Amino acid sequence: MAFYRLKRSKCAAYSMKNNAERQGQQMRYYDKVTPDGTKDLLFGECDQRSQVTKTLKDLFGAQGYRRVMTPALEFYDVFGKAAKYLPKETMYKLTDHKGRLMVLRPDCTVPAARLAATRLKGMPMPLRLFYNQNIYRMFPELKGKSTEINQVGIELIGGVPLRSDLEVVELASRSLDVISGGKYRLELCHIGYFKAIMDSLDVDEDTKEDIRFQIEQKNYASLTDMLGKYQDSRAARALLKLPRLFGGAEVFEKAYELFDENGARESLDYLKGIYEYLQTLGLGDKVIIDLGLVNLAEYYTDLIFRGYFRGIGEQVLSGGRYDTLLNEFGEDHCSVGFCINVDLASQKVQPMPEAIPEILVFAPDMKYLSKAVHHRRALEDQGVLTENCVFDTMEEAFDYAKMRGIPKVHLVGEDITVCLTRTTPGK
Ligand SMILES: N[C@@H](Cc1c[nH]c[nH+]1)C(=O)O
């Protein structure tokens, strides 16, 4: 077998020429950076991510959730239908060869709803689905936010609401627990309480949106300015207190007192039931009620929740019940789910130390390359970590092994010679 060797210096000369050509051009190249809000993950970071996804996939699989994958590219209409829930300006849009509008998946719950209403239609209910995929969201003011987010999540579709909520909230808390080693917090809210108050307030839709935004921001000053003139309304007084309705069981008493009309009482009763159930599971110190959690209002209709890890400011988990979303696809099933931001969760996992190969396998004469492959395979079968040498000379091979800290070099020829790296043969 004859081998033609490409000189290494040729590759270097080619790339120098290319660079020179580029420097002469006016156009600005973005060829050495990744787009805003995205990043390359290296070695240990990939391992950390895999550890998180594996832990969660095992957990969800053990509870009967089955994996689905949906395309990263979807027709805009899939999300267009749900556009009232997802802000259009945050979606990456492109067109296909027929000029149809497409989006890069901005959310995993909407495709899961599409799936449940199409290929999974007619399957016995409930459906327990899980996924691990990226979502893409554009943030006009980035503020360090990722535009490509890896999520692991579940959706429980078609079960009875209360029992499904109890299952999913417990699973959310388990997920946070296994990853953070118990250092987490789960916040619960019922969007029905906020909606009941808002529906009782006699203001236009734009003002309502402003009020929602100020509550979300916990901006008491603006809220007081906006609601000051409605002080004689019970709803306005309740809204002013909403951002502070945060804490343990005592929150319920205050909330009932503040507002209990128009469905508010029922929402509080429901939430209280879930809270008390979680207490019976011994999660009293992990779970917090936050009735000002109104920013997750998108497609959520009832219970909403989010999870935090100690030391990480952003929410790691978000979820809730969305009973009307499947209607957009012509089906009618109550559903609940949550997802976890894998990149944030990975910060809680210790990176594995780099595995250094035990043996560098080197065939100085290329006619022994296939013998070297067999030798490496045999070593691999014994569980020995090896690396193939891609240098030509003995000196380069040993220098490389020393630099990498690989203790042994196996020289493959007529015989196989075992050498200790610190002694270069012939020196
Ligand atoms: N898709 C939601 C999380 C969720 C899953 N199921 C229900 N909610 C999110 O990205 O925040």
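Each remark here, short or long, concerns the structure printed above.
Keep in mind the model is a prediction, meaning the values are calculated, not measured.

Helix and strand counts for the protein chain stand at 14 helices and 16 strands. Its C-alpha radius of gyration of 29 Å places the protein chain more than 25% over the 22 Å reference for a compact globule of 427 residues. Reported as C-alpha extents along the three principal axes, the dimensions of the protein chain are approximately 95 × 60 × 45 Å. Looking at the 427 residues of the protein chain, the share that counts as buried comes to 45%. Summarising the internal contacts of the protein chain: among those between residues at least 6 apart in sequence, 67% fall at separations of at least 24. Total accessible area computed for the protein chain in this model is approximately 23,000 Å², and 52% of it derives from carbon and sulfur atoms. In the protein chain, 58 positive and 60 negative side-chain charges are present, and the distance between their average locations comes to 6 Å.

The 4 strands are arranged S14-S13-S15-S16 in an open sheet whose pairing can be described as mixed. Edge positions in the sheet fall to strand S14 (386-388) and strand S16 (416-420), since each has one partner strand and no second. In this sheet, neighbouring strand axes are inclined to one another by 25 degrees on average, regardless of whether the strands run parallel or antiparallel. Both strand S13 (residues 359-362) and S14 contribute to a ladder of 3 bridges, which runs parallel. In the strand pairing of S14, Leu 360 is matched with Glu 387. Along the sheet, helix H14 (residues 394-404) contacts S13, S14, strand S15 (408-412) and S16; its crossing angle with S13, the most-contacted strand, is approximately 165 degrees.

Where S15 meets S16, 5 bridges bridge the pair, whose relative direction is antiparallel. When the bridges of S16 are listed, Val 412 appears paired with Ile 416. The turn linking S15 back onto S16 is made up of 3 residues.

Our next topic: the nonpolar core. In terms of nonpolar packing, the biggest core is built from 95 residues, with Tyr 193 and Leu 291 touching the most fellow members. Considering each element in turn, this core owes the most residues, 7 residues, to helix H5 (residues 161-180). For Leu 291, the contacting residues outside a window of four places in its chain are Cys 189, His 190, Tyr 193, Leu 242, Leu 245, Val 251, Ala 255, Leu 268 and Leu 271.

So, about the pattern of salt bridges. Counting across every chain of the model gives 21 salt bridges. A salt bridge links Glu 170 to Arg 174, with the nearest nitrogen and oxygen atoms 3.7 Å apart. Placement of the pair is Glu 170 and Arg 174 together in helix H5, with a separation of 4 residues, close to one helical turn. Using a relative accessible area of 34% as the deciding quantity, one classes Arg 174 as partly exposed.

All right, on to the environment of Pro 161 then. With respect to the helices and strands, the residue Pro 161 is situated in helix H5. Each C-alpha atom of the pair Pro 161 and Ser 335 lies 7.4 Å from the other, and the pair is 174 residues apart in sequence. Leave out the neighbours within four places in its chain, and Pro 161 touches Tyr 270, Arg 321 and Cys 334.

This part takes up a negative patch on the surface. A cluster of like negative charges, contributed by Asp 199, Asp 204, Glu 205, Asp 206 and Asp 210, occupies part of the molecular surface. Along the chain, Glu 205 falls in helix H7 (residues 205-216). Relative accessible area serves as the criterion here: at 58%, Glu 205 is assigned to the exposed category.

How each quantity is defined
- Residues numbered from 1 in each chain as written.
- Predicted model: local features only at pLDDT ≥ 70, side-chain atom pairs only at ≥ 80, totals over all residues.
- Heavy atoms only, no water.
- Helix = DSSP H or I, 4+ residues; strand = E, 2+ residues; numbered from the N terminus.
- Rg over C-alpha atoms; globule rule 2.2 N^0.38 Å.
- Buried < 20%, exposed > 50% of the residue type's maximum accessible area, 1.4 Å probe, protein only.
- Contact = heavy atoms within 4.5 Å.
- Areas by Shrake-Rupley, 256 points an atom, 1.4 Å probe, with all protein chains shown as cover.
- Lys, Arg positive; Asp, Glu negative; His and termini not counted.
- Charge placed at Lys NZ, Arg CZ, Asp CG, Glu CD.
- Pairing = 2+ DSSP bridges.
- Axes fitted to C-alpha atoms, helices over the stretch in contact; angles between N-to-C directions.
- Core = buried A, V, L, I, M, F, W, Y, C linked by side-chain atoms within 4.5 Å.
- Salt bridge = Lys/Arg side-chain N within 4 Å of Asp/Glu carboxyl O.
- Patch = residues over 30% accessible without salt bridge, like charges linked within 9 Å, V, L, I, M, F, W, Y side chains within 5 Å.

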